[in-house]
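Here is how the chains run, residue by residue.
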Amino acid sequence: MASEPLWGEQTRLAIDNFAISGKPWRAPLICALGLIKAAAARANRSLGLLPADLGLAIERAALAVARHEHDDQFPLDVYQTGSGTSTNMNANEVISALVAAEGLQAHPNDHVNFGQSSNDVIPATIQVAACLACEGLLDALEHLIEVIDGLAETHADQVKTGRTHLMDAVPLTLGQEFGAWAAQLRSNRERLQDTLCRVARLPLGGTAVGTGLNCHPEFADLAVVALDELTGVEFSVAENAFEHIAAKDECVELSGQLRTLAVSLLKICNDLRWMNSGPIAGLGEIELPALQAGSSIMPGKVNPVIPEALAMVCARVIGNDSCVTLAGQSGNFQLNVMLPVIGDALIESIELLDRGMRHLADKGMAGLRVRQDRLDDLLARNPILITALNQQLGYARGAELAKLAYREGRTIRDVLLEHTDLDAAQLDQWLDPQKLAHGGLV
């Protein structure tokens, strides 16, 4: 990391003008910006618009930025000019200084920014950063799905009391319950993958408003090919650059998918917390790994800390989505003017969900233990099992007997033996929890 400033006058002015949060741009965004500058230099060199040695030097310097070798040279606040022009100029100046260190002269605007504008570069930077970050997110999501699938397979035949409205309902298996979580997450994976196809459409070549002023007509295609080569991700040139400069609907859409994933994860976390509750006075159906003391005053107390941590992640992601939604509608005519905060919120959400899901998989669910004795006890005392006899008894008579079982604290089987002419063998067949969990008898 360089110790002396590599940036120039434009960055210095922005440091003075935007001392608001002390929060600089996130490293994935700086990486994406470096990649775009490298791709642009490669495209301009191949078109003969930059001398070969200068184009190669700019590309080398930009790739050093992309490798995070100069993150300390990007001090500008997230809350700055809405186009992100200050950070684009910050990158131009840093890369220009790195080229000068090789003995060549690269002007920040005339060479490093050749064929570009902040108005197409910064939207593209956000999109590239989001696509790259989502690779890790999708890996984490797949890992969590695999862990849950493993639990569903291991506990496929263990029957428990179902619950609707937090009240006792008909039985299901743990495999079915865990399988529903995995299915939720698979749906999220599909939605994310579908959305990323649109996020990968970059407005490079649109320059200031989308017309491509001062940009070679082949620049965008060549720059995107270079980006593909540098990242291994398949990007494309936006069919309409005006759209992606004036509006960031693809980012709003992605944020919405991240919010949906957060909602799914919050549901799973809350289910885990309920199932783990107790262990005496709560449901106590499972035991999550005991990772640390749960209280500074109550000895022996253990809390579901990983689901709680991920629940807070989900709250932050849902809040970030509100921010992106508001920022996304802040495009006035030909330019969105809240680009930096869109990028910051998106990358924060992606990174939090990535790490949060890995924690849930490895520290929360991998060591989950089922309390079969507790499941069996609750199931045996569940009068709602009488639902299986609706055709034999009718709804009204069944409700009467279920309430009696509740009132007297008896099993529904005992009540049925006493108050109906059904024999034990019939009841054992009709009330078999395994059969009820798979649709029961017709």
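This text follows the structure it describes.
Quick caveat: nothing in here was measured; it's all calculated off a predicted structure.

K.L.:
A description of the pattern of salt bridges should follow, citing residues and the corresponding values.
P.N.:
By the definition in use, this model includes 27 salt bridges. Between Arg381 and Asp377 there is a salt bridge whose closest N-O contact spans 3.0 Å. Arg381 gets classed as partly exposed once you look at its relative accessible area, which sits at 45%. Judged by its relative accessible area of 32%, Asp377 is partly exposed. For Arg397, the salt bridge is made with Glu400, and the minimal N-O distance between the two is 2.9 Å. Of the two residues, Arg397 and Glu400 are both situated in helix 15 (residues 395–408); the distance of three residues between them amounts to about one turn of the helix. Under the relative-accessibility criterion, Glu400 is labelled partly exposed at 47%. When salt bridges that share partners are traced, they join Lys23, Arg26, Asp344 and Glu348 into one network.

K.L.:
Help me get a handle on empty space enclosed by the protein, residues and values and all.
P.N.:
Counted by the stated rule, this structure contains one cavity of 30 Å³ or more. Volume-wise, the largest cavity comes out at about 50 Å³. If you go around the largest cavity, the residues you meet are Leu288, Pro289, Leu291, Asn303, Pro304, Val305, Ile306, Pro307, Lys363 and Gly364. Elements with a contribution of two residues or more to the lining of the largest cavity: helix 11 (305–328) and helix 12 (339–365). Counting residues per element, the lining of the largest cavity draws most heavily on helix 11, at three residues. Among the residues making up the lining of the largest cavity, the classes are represented as seven nonpolar, two polar and one charged.

Calculation criteria
Residues numbered from 1 in each chain as written. Predicted model: local features only at pLDDT ≥ 70, side-chain atom pairs only at ≥ 80, totals over all residues. Heavy atoms only, no water. Salt bridge = Lys/Arg side-chain N within 4 Å of Asp/Glu carboxyl O. Buried < 20%, exposed > 50% of the residue type's maximum accessible area, 1.4 Å probe, protein only. Helix = DSSP H or I, 4+ residues; strand = E, 2+ residues; numbered from the N terminus. 1 Å grid on protein atoms, 1.4 Å probe; cavity = no way out; pocket = protein on both sides within 12 Å on 5 of 7 lines; lining within 4 Å. Points joined across faces, edges and corners; volume = space filled by probe spheres on them. Nonpolar A, V, L, I, M, F, W, Y, C, P; charged D, E, K, R; others polar.

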